[in-house]
Each structure stands twice: as C-alpha cells, then as structure tokens.
Amino acid sequence: GGARESKGKAPAVLSFDDIGGQERPKQELIEALDFLVRHEEIAKFGIRPLKGILLTGPPGTGKTLLAKAAAHYTDSIYVAASGSEFVEMYVGVGAGRIRDLFKEARKKASKAGKASAVIFIDEIDVIGGKRDGGQHREYDQTLNQLLTEMDGIHTNESPRILLIAATNRKEMLDSALLRPGRFDRHIGVDLPDKKGRLHILNIHGRNKPLAKDASLERVAEESFGFSGAQLESVMNEAAIYALREAKPLIGQQHLSMAIDKVMMGEKTDREATN
Ligand code: ATP
C-alpha cells in the first residue's frame, strides 16, 4: 500500500531543469509555489490561501515531472496517487485511501523534518468527475473525502500540504473541485513546440552516445505533435536500434527509424481504441 510513484521512469529527485520546454507552465508553477510558501504575508494581507494547483493538458507532456520538480523546489517530500487506483474500489475504500494519503504525507514530512509535503493526484477526473445523480456512488464518497481534506489544508500548519492534481479532461471535473478555495489555480501544459521538443530531446540524449551526423534539431523538426513521453521513446528506440546493429554510436538513420516507430505505434494505439 502507501503512495506510489505513478511512473517508474523518472529519477526520484527531479528539478525544473530536467523538464524540457514548458517554460510558461514552469514559470506559473514556480510563481504559485513561491506564493504558497509566503504564508505569513498571505495571512497578513488577508489573502485567501491557495489550496490546490491543477495541471491540465494532454498525456505525456510532463505534468508528473512538474509535480516532482515542485517537491524538489520547495524542499518537500513527495507522495502520489492516481485516479485510476480508485476504479472499481468498494464503497468507502477510496475515501479511506484519500484520508491515508494526506495522513501519510504529513507523517512522512514530519519524520523527514520537512516543512511541507507535495501530494500529487494524477488523473483526478476519475475521482472528481461530474456527479451524475447516483450513478457512481462509490466515487462520491471519495470525492467528498478529497473536498474535506482540501478544506482542512491550512497554510500555517506544519507540515504544510501542497496539493497538485493533473487531468487530461478538465471539462469532466465536478464544479465542486473548481470552486474558489479548491483547485483555483489552473496551469495548462500543452504539447511542446519545436524549441521545446529540441530541449526535451537534448535532456533525453544526455546519457546517450550520438554520432556526429545525428541531428536532434532535425528530429525536433520531424516530430511535430509529439509529446515529451513520445520524444523520450524516440531517443530510447534509437539507442536500441543502434545497439541491435552493434554500432558504437546512435546515427541519424536510427533516429529516423525511431520517429517512424513511435509514430506508427501511436497510430495503431489510436486505431485500437477507435
Ligand atoms: P499523463 O497525463 O499520461 O500522466 P504526464 O503529463 O504526467 O502524463 P509525465 O509522466 O510527466 O507526463 O511524462 C512521462 C515521461 O515523458 C517522463 O517520465 C519523461 O521521460 C517524458 N517527458 C514528458 N514531458 C517531458 C518534458 N517536458 N521534458 C522531459 N521529459 C519529458
């Protein structure tokens, strides 16, 4: 049990410098975090404290990475849960899991002597989807528990809770979650532009032997519409192709094959779900 990392690929300690592109979301998140930690001033000015930050945008764009970097930036411990864990949970179990998540965050932070804990909830739409009059009763309790926990967050408590959630489907969220004092700061995380793609490719190329002719610039140009997760796959697949050919370095041809493979993979994924 306990909170799990939603994805195993990223390193445990992750800073904003490990995230390619996404300059605007990074900036917005840093501003929100800076605001959150200035709780004494916030109280002095009678400002309603920020309870939760919602990251919205397509899959694989770095929302989980941003949450981890937020923990690093604020010197917080990090605990995570994913909405998908709550699917088909018995009535009451989900609510208990939410309660435990907050309890665990406070306990871990205290134990580690940290002033704050980042709680990251991925796929929040599964828990916080629009309530439709009794159809999904088991989620209601879970959502209610989350709302209760959010109402119990105080900026001057120790350790402080920094709640970050992510969704690909913001329009699905119950309005109770979006009210002032709940997730009232939204940060859009979109697919990277060419400059962002190049930055991401460079980050994932850091530990890879690239041939002189291998141009990540060209890959960035030819990967329009790719997410960060897909770009990570391109670099990984290219390395596998080179290794398979027993080449000492990753060449342009390996990168091109990898782009095709990731592109094809996407197509078949989409066809399968259509
Ligand atoms: P989901 O909505 O599917 O949970 P996400 O937006 O949370 O996706 P991440 O889990 O943060 O996406 O990204 C998945 C992986 O893709 C990362 O572990 C990383 O390898 C790579 N990645 C995604 N975006 C970036 C980025 N901006 N910079 C570097 N790597 C990235």
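Conventions we followed
Residues numbered from 1 in each chain as written. Predicted model: local features only at pLDDT ≥ 70, side-chain atom pairs only at ≥ 80, totals over all residues. Heavy atoms only, no water. Helix = DSSP H or I, 4+ residues; strand = E, 2+ residues; numbered from the N terminus. Buried < 20%, exposed > 50% of the residue type's maximum accessible area, 1.4 Å probe, protein only. Contact = heavy atoms within 4.5 Å. Areas by Shrake-Rupley, 256 points an atom, 1.4 Å probe, with all protein chains shown as cover. pLDDT = per-residue confidence, 0-100. Axes fitted to C-alpha atoms, helices over the stretch in contact; angles between N-to-C directions. Parallel < 35°, antiparallel > 145°, perpendicular 65-115°, else oblique. Left-handed = near helix turned anticlockwise from the far one by under 90°. Nonpolar A, V, L, I, M, F, W, Y, C, P; charged D, E, K, R; others polar. Near = heavy atom within 4 Å. Polar contact = N/O pair within 3.5 Å; in protein donor to acceptor, adjacent residues only side chain to side chain. Expected span 1.5 Å × (residues − 1). Arc of directions from axis to C-beta. Patch = residues over 30% accessible without salt bridge, like charges linked within 9 Å, V, L, I, M, F, W, Y side chains within 5 Å. Salt bridge = Lys/Arg side-chain N within 4 Å of Asp/Glu carboxyl O. Lys, Arg positive; Asp, Glu negative; His and termini not counted. Charge placed at Lys NZ, Arg CZ, Asp CG, Glu CD. Pairing = 2+ DSSP bridges. Right-handed = clockwise from strand over helix to strand, strands pointing away. Core = buried A, V, L, I, M, F, W, Y, C linked by side-chain atoms within 4.5 Å.

Undergrad: What is the right way to read the overall build of the protein chain from this model?
TA: Counting its regular elements, the protein chain contains eleven helices and five strands. For the protein chain, the proportion of its 274 residues judged to be buried stands at 49%. Taking as baseline every contact in the protein chain between residues at least 6 positions apart, the subset at least 24 positions apart corresponds to 78%. Surface summary for the protein chain: the accessible area is close to 14200 Å², and the carbon and sulfur share equals 52%.

Undergrad: Explain the confidence of the model for the protein chain to me, please; I cannot follow it from the model alone.
TA: Detailed reading of the predicted coordinates is not advisable wherever pLDDT falls low. In this model, the protein chain carries a mean pLDDT of 88, and residues with pLDDT of at least 70 account for 89%. This stretch, residues 1-11, has a pLDDT under 50; its non-local contacts, to residues over four places away or in other chains, come to 20 contacts. Reported confidence for the predicted complex is 0.97 by ipTM and 0.89 by pTM.

Undergrad: Help me understand the packing of helix H1 (residues 23-37) against helix H3 (residues 63-73), please; the structure alone is not making it clear to me.
TA: Running from amino to carboxyl end, H1 crosses H3 at an angle of 40°, the nearest separation of the two axes being 11 Å. Classified by the angle their axes make, H1 and H3 are oblique. When you trace H1 past H3, the crossing you get is right-handed. Listed contacts from H3 to Pro25, Lys26, Leu29, Ile30, Leu33 and Asp34 of H1 are Leu66, Ala70 and Tyr73. Taken together, the residues of the contact of H1 with H3 sort by class into seven nonpolar, no polar and two charged.

Undergrad: Looking at this structure, how should I read the site of the ligand?
TA: Gly20, Gly60, Lys63, Thr64 and His204 are the nearest of the 19 residues found near the ligand. Within the contact set of the ligand, an oxygen atom lies 3.1 Å away from a backbone nitrogen or oxygen of Leu65. In this structure, Asn168 approaches the ligand through a side-chain N or O atom, which is 3.3 Å from an oxygen atom. Taking 620 Å² as the accessible area of the ligand by itself, protein coverage stands at 92%. Elements with a minimum of two residues in the shell around the ligand: H3, helix H8 (194-205) and helix H10 (228-244).

Undergrad: Is there a simple way to think about unusual backbone geometry in this case?
TA: The general pattern is negative phi for most residues beyond glycine and trans for most peptide bonds. Across the junction of Ser158 and Pro159, the peptide omega takes the value -5°, indicating a cis bond. Its place among the elements puts Pro159 in the loop between helix H6 (137-151) and strand E4 (160-167). Phi at Glu123 is positive, roughly 50°, even though this residue is not glycine. Note on placement: Glu123 falls in the loop between strand E3 (116-122) and helix H5 (124-127). Among the residues examined, Glu123 registers a relative accessible area of 32% and is labelled partly exposed. One non-glycine residue, Ala246, lies in the positive phi region at around 55°.

Undergrad: Could you clarify how one ought to interpret H1 in this entry?
TA: For H1, which comprises 15 residues, the first-to-last C-alpha distance of 21 Å matches the rise-based estimate of 21 Å (1.5 Å per residue) to within 8%. Inspection of H1 places Pro25, Lys26, Leu29, Ile30, Ala32, Leu33 and Leu36 among the buried residues, and these make up the whole buried set. Seen along its axis, H1 keeps its buried residues to an arc of 165°; they face one direction. Where H1 is buried, its residues meet helix H2 (39-44), strand E1 (52-56), H3, E4, strand E5 (183-188) and H8.

Undergrad: Quick question: what am I supposed to make of a positive patch on the surface here?
TA: Together, Arg99, Lys103, Lys107 and Lys111 give the surface a local cluster of positive charge. Mapping Lys103 onto the fold places it in helix H4 (residues 93-112).

Undergrad: Would you explain the pairing of E3 in this entry?
TA: It is a general feature of regular strands that their side chains alternate between the two faces of the sheet. For E3, a buried count of seven out of seven residues is recorded, marking the element as mostly surrounded by other parts of the structure. Residues Ser116, Val118, Phe120 and Asp122 of E3 are buried on one face, and the alternating residues Ala117, Ile119 and Ile121, pointing to the opposite face, are buried as well. Pairing analysis gives six bridges linking strand E2 (residues 77-82) to E3, with the strands arranged parallel. Across the sheet, residue Ile77 finds its bridge partner in E3, namely Ala117. Tracing the backbone out of E2, into H4 and back to the parallel element E3 gives a crossover that is right-handed. Sheet topology places E3 next to E4; six bridges connect them, and they run parallel. Within E4, the position partnered with Ser116 by the bridge is Arg160.

Undergrad: I would appreciate a short explanation of the nonpolar core in the present structure.
TA: Side chains that are nonpolar tend, in soluble globular proteins, to be buried together. Counting 27 residues, the largest nonpolar core has Ile119, Ile121, Ile124 and Leu177 as the members making the most contacts within it. Listing elements by their share of this core, those giving two or more residues are E2, H4, E3, H5, H6, E4 and helix H7 (175-178). It is H4 that contributes the most residues to this core, five residues altogether. The next biggest cluster of nonpolar side chains, apart from the first, holds 25 residues, and it includes Leu14, Ala32, Leu66 and Val189.

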